[in-house]
Amino acid sequence: MHDYVHLHVHTQYSILDGQASVAKLVDKAIADGMRGLAITDHGNMMAIKEFFDYSSKVISKGKKALKTAQEKLAELQQTGATAEEIAEVEREIEQQSRIANFKPIFGCEMYVARRGMLTKEERTDQSGWHLVVLAKNKKGYHNLIKLVSNAWIDGFYMRPRTDHSQLEKYKEGLIISTACIAGEVPNKVIKGDREGAEESALWFKNTFGDDFYLELQRHRIPRAGMRANYEAYELQKQANTALIEIGQKLNIPIICTNDVHFVNEEDGEAHDRLICLSTGKELDDPKRMLYSKQEWFKTRAEMNEVFGDLPEAMENTCAIADKVEVYSINHAPIMPNFEIPTDFGTEEGYRQKFTEKELFDEFTQDENGNVVMSEEDGWKKINLIGGMDKLYRLKLEADYLGKLSYEGAERRYGTPLTEEVKELVKFELHIMKTMGFPGYFLIVQDYIRAAREILDVSVGP
């Protein structure tokens with residue numbers, strides 16, 4: 001049996017089109033022994049963070065279980081265990097190793113505008129050719145984010161659309177495949193424009209080099225009488241024949257995919273009803289949209305049944321997975337700096353005014369200057385909010401926030417402030433400062449102030 005990795009998968013974040021939950025997709029891929037999985041929702045990357053987080057949790061458990069199994073094997077080998085006992089642990093090691101090395105692949109099935117993403121005039125501009133775009137590394141991930149963001153901001157016209165110029169601009173670190181029969185290359189084949197299909201394939205090859213693939217799909221319905229789309233398979237066969245020939249002629253590798261929209265075969269009927277909701281049609285409408293009901297997350301064995309005659313297309317999915325680098329998409333919150341009046345103070349001035357010891361004490365003691373944690377715990381806290389170098393900025397922001405807060409308190413409670421009010425303000429300001437949030441509260445108070453004083457917008461209950 002040939003190994004296989006799914007590279008064309010839609011989740012529930014392909015709104016009213018995909019039905020599969022991220023967790024169930026990952027669980028099924030891992031249970032089937034797959035080495036990875038790509039998520040490629042229509043026009044968006046909304047599933048990616050959940051996909052990364054859930055995969056990371058599963059991978060972490062796999063690494064712990066792998067370590068435990070490896071330690072057990074070493075112990076068994078020393079104590080003279082039976083061959084059967086050792087073989088059982090070795091199987092466990094193999095299984096947990098696959099989980100520990102499972103690779104989440106971040107992607108998107110994008111819409112490529114036929115006449116440029118800024119052209120928004122005719123019906124033909126309202127959608128676009130489909131294109132599967134995968135991030136090969138962190139640079140590619142960032143480029144994919146730019147492509148998708150620009151598609152929504154500048155290219156949106158019924159759909160978020162990109163175009164060839166954008167793909168060329170942000171090509172670094174990306175892997176491309178021609179998608180389903182709605183893709184540019186297969187669609188031109190189906191419409192009888194073989195020359196145009198080859199020109200398009202050549203453009204992608206020249207732009208993306210060895211990271212461009214021709215994608216084959218076979219949604220053959222195994223039995224007659226089902227309420228399903230039988231035409232798609234005939235069009236896929238027509239496209240596949242040409243794509244294989246184009247691949248051989250232009251030296252472009254092929255891959256095979258299943259256009260996944262739900263997890264298990266039995267989910268096809270529920271997905272059919274989802275499409276009725278999406279298109280606003282009755283279930284018994286003879287003219288409504290139908291899928292082939294073959295769009296479930298097929299196992300490696302099932303994909304071998306469909307594409308076993310094209311081992312190259314199967315193996316290339318794994319080659320793509322092997323190309324993809326492992327990286328984290330997590331990032332500390334990025335906050336803009338609130339512009340503090342220079343006559344109040346500057347970060348450079350604070351660096352000259354306060355020592356690191358003074359800042360360490362201020363951020364690790366309570367609001368009254370009492371020591372409440374060990375030096376080790378203190379450094380853990382300092383590092384958690386950005387390190388010693390960031391404390392100067394936080395101190396400046398906290399002091400300016402304190403100035404505004406006490407001025408506001410005097411307007412509300414009068415002068416002089418009571419000891420009770422002063423203690424409450426002091427405590428709240430200390431919490432905001434030592435959690436690293438004074439800049440956030442400066443920004444919040446600024447737009448609330450603007451709403452009340454400039455824009456005459458109601459704020460609060």
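Here's what I pulled together on the structure shown here. Note that the structure is a prediction, hence the values are computed from the model and not measured.

### Digging into the pattern of salt bridges
Part 1: For the structure on display, the rule yields 33 salt bridges.
Part 2: The salt bridge involving aspartate 3 is made with arginine 35; its shortest N-O contact spans 2.8 Å. Residue aspartate 3 is located in the segment before α1 (22–31), and its partner arginine 35 is located in the loop between α1 and β1 (36–39); the two are separated by 32 residues in the primary sequence.
Part 3: Arginine 35 sits in the partly exposed class, given a relative accessible area of 27%.
Part 4: Salt bridges linked by common partners bring Asp3, Asp32, Arg35, Arg98, Arg300 and Asp322 together as one network.

### Here's the deal with the nonpolar core
Part 1: If you look at the biggest cluster of nonpolar residues, it comprises 63 residues, and the most contacted ones within it are Leu25, Leu37 and Leu144.
Part 2: If near-sequence neighbours (up to four positions away) are discounted, leucine 37 is found in contact with Val5, His6, Val9, Leu25, Val26, Ala29, Phe51, Phe102, Lys103, Pro104, Ile105 and Phe297.
Part 3: Counting residues in hydrophobic clusters, the runner-up holds 23 residues, among them Phe338, Phe354, Phe363 and Leu396.

### Details of the side chain of histidine 10
Part 1: Mapping histidine 10 onto the fold places it in the segment before α1.
Part 2: Looking at histidine 10, the relative accessible area reads 0%, which means it is buried.
Part 3: Polar side-chain contacts of histidine 10 include one of 3.4 Å to the side chain of histidine 8.
Part 4: The contact partners of histidine 10, leaving out residues within four places of it in the chain, are Gly18, Ala20, Leu25, Thr40, Asp41, His42, Glu109, Asp259, Val260 and His261.

### As for the environment of serine 127
Part 1: Turning to its location among the elements, serine 127 is positioned in the loop between β2 (103–112) and β3 (129–135).
Part 2: Taking the C-alpha atoms as reference points, serine 127 and proline 333, 206 residues apart in sequence, are found 34 Å from one another.
Part 3: Apart from residues lying up to four places away in sequence, serine 127 is in contact with Tyr111, Ala113, Arg114, Tyr157, Arg159 and Arg161.

### Looking at a negative patch on the surface
Part 1: Together, Glu84, Glu85, Glu88 and Glu92 make up a region of like negative charge exposed at the surface.
Part 2: Assignment of secondary structure puts glutamate 84 in helix α3 (residues 83–100).

### What about the layout of surface pockets?
Part 1: The volume enclosed by the largest pocket comes to roughly 1,300 Å³.
Part 2: Every residue lining the largest pocket is counted, 39 residues in all, and those nearest its centre are Asp17, His42, His130, Met289 and Tyr291.
Part 3: Broken down by secondary-structure element, the contributors of at least two residues to the lining of the largest pocket are β2, α8 (231–250) and α9 (268–279).
Part 4: Grouping the amino acids of the lining of the largest pocket by side-chain chemistry returns 18 nonpolar, 14 polar and 7 charged.
Part 5: The volume enclosed by the second largest pocket comes to roughly 1,000 Å³.
Part 6: Around the second largest pocket, the lining comprises 22 residues; the ones closest to its centre are Leu404, Ser405, Gly408, Arg411 and Gln445.

Conventions we followed
- Residues numbered from 1 in each chain as written.
- Predicted model: local features only at pLDDT ≥ 70, side-chain atom pairs only at ≥ 80, totals over all residues.
- Heavy atoms only, no water.
- Salt bridge = Lys/Arg side-chain N within 4 Å of Asp/Glu carboxyl O.
- Helix = DSSP H or I, 4+ residues; strand = E, 2+ residues; numbered from the N terminus.
- Buried < 20%, exposed > 50% of the residue type's maximum accessible area, 1.4 Å probe, protein only.
- Core = buried A, V, L, I, M, F, W, Y, C linked by side-chain atoms within 4.5 Å.
- Contact = heavy atoms within 4.5 Å.
- Polar contact = N/O pair within 3.5 Å; in protein donor to acceptor, adjacent residues only side chain to side chain.
- Patch = residues over 30% accessible without salt bridge, like charges linked within 9 Å, V, L, I, M, F, W, Y side chains within 5 Å.
- Areas by Shrake-Rupley, 256 points an atom, 1.4 Å probe, with all protein chains shown as cover.
- Lys, Arg positive; Asp, Glu negative; His and termini not counted.
- Charge placed at Lys NZ, Arg CZ, Asp CG, Glu CD.
- 1 Å grid on protein atoms, 1.4 Å probe; cavity = no way out; pocket = protein on both sides within 12 Å on 5 of 7 lines; lining within 4 Å.
- Points joined across faces, edges and corners; volume = space filled by probe spheres on them.
- Nonpolar A, V, L, I, M, F, W, Y, C, P; charged D, E, K, R; others polar.

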